[in-house]
Structure formats: C-alpha cells, structure tokens
Amino acid sequence: MSAAALSPTQETIILPTHYFYLIASVITEAVGYSALNASAQMTRLWPSLLVVAGFASSFYFLALALKHMPMGITYALASGLGIIVVVLAGLLFFGQRLDLAAIVGLALITAGIIVINSMSDFAVH
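Just so we're clear, the structure is a prediction, and the values are computed from it rather than from any experiment.

Engineer: Can you lay out unusual backbone geometry for me, pointing to particular residues and giving the numbers?
Structural biologist: Despite not being glycine, Ala40 has its phi angle at roughly 55°, a positive value. Along the polypeptide, Ala40 turns up in the loop between helix H1 (17-38) and helix H2 (45-66).

Here is the structure:
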C-alpha cells in the first residue's frame, strides 16, 4: 500500500535500520543456542556448524547495530530479547517447561525492555 493510499488516520510504522540489525542478531543468536542444544555437545556435524554460523551472524548483526546505538543499551536489548526468544524456542522445539519463577523473571525482562525503549533518553529511536 502506498503512502498516498493511506487514510489520514492510518500511520505507517517504520523501524530504523539498526533495529532490524538488532532483531537479526537476536534471531541468529537464538538459532545458535537452539543448534547448540541439538548438537549433542558439538558431536553432531550439521547442528555444530549451525552453532558457529548462528553466533558468527549474531555478532556481525550486533556490530552493525552498534554503529547507531549506545553499547550498553544495545547489549541490554539484545540480551533481554535473546533470553525471551531462546526460552520460546526451548518451549516450542525442545519441550522445555517454565516454572513460576521463570515466568516472573521473563515478565521483568520484558518490562525492562519496554521501559528502555519507551522512556529512556539513552536509547536511540
């Protein structure tokens, strides 16, 4: 849909490129951790290669995000989002379960991410 076709009440939300790099870093990190779990302590070739590719890609995308975002905020967001995505992968693909403490902890991480992105002057938007 073109911008001209949008009604006055519709808005297009466009994320800055560095957020796409951050998201790519988080996703490739989660792929690396999931492959690490599937690699049987790095004894299976293909999952082990995916571990290396996932973490290498994650660092590459994180470096791109760091060109435009402060290091502390970038690392906090990547770590928090990474934990959430890896936990979801564990639930969906490896049958792992969460107890109440884990759920509360994930909720606090999510709250922290929301606070950083919506209220911090340190975060880049």
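Engineer: Let's hear about the packing of aromatic side chains: which residues, and what values?
Structural biologist: All chains considered together, the criterion is met by two aromatic pairs. A ring pair is formed by Tyr33 and Phe55, whose centres lie 4.9 Å apart and whose planes are at 90°; its orientation type is edge-to-face. Highlighted residues: Tyr33 in helix H1 and Phe55 in helix H2, separated in sequence by 22 residues. Ring geometry for Tyr60 against Phe61: centres 5.5 Å apart, planes inclined by 65°, an arrangement best described as edge-to-face. Classification of Phe61 as partly exposed rests on a relative accessible area of 23%.

Reading the values: rules and limits
- Residues numbered from 1 in each chain as written.
- Predicted model: local features only at pLDDT ≥ 70, side-chain atom pairs only at ≥ 80, totals over all residues.
- Heavy atoms only, no water.
- Helix = DSSP H or I, 4+ residues; strand = E, 2+ residues; numbered from the N terminus.
- Phe/Tyr/Trp six-rings, centres within 6.5 Å; stacked < 30°, edge-to-face > 60°.
- Buried < 20%, exposed > 50% of the residue type's maximum accessible area, 1.4 Å probe, protein only.

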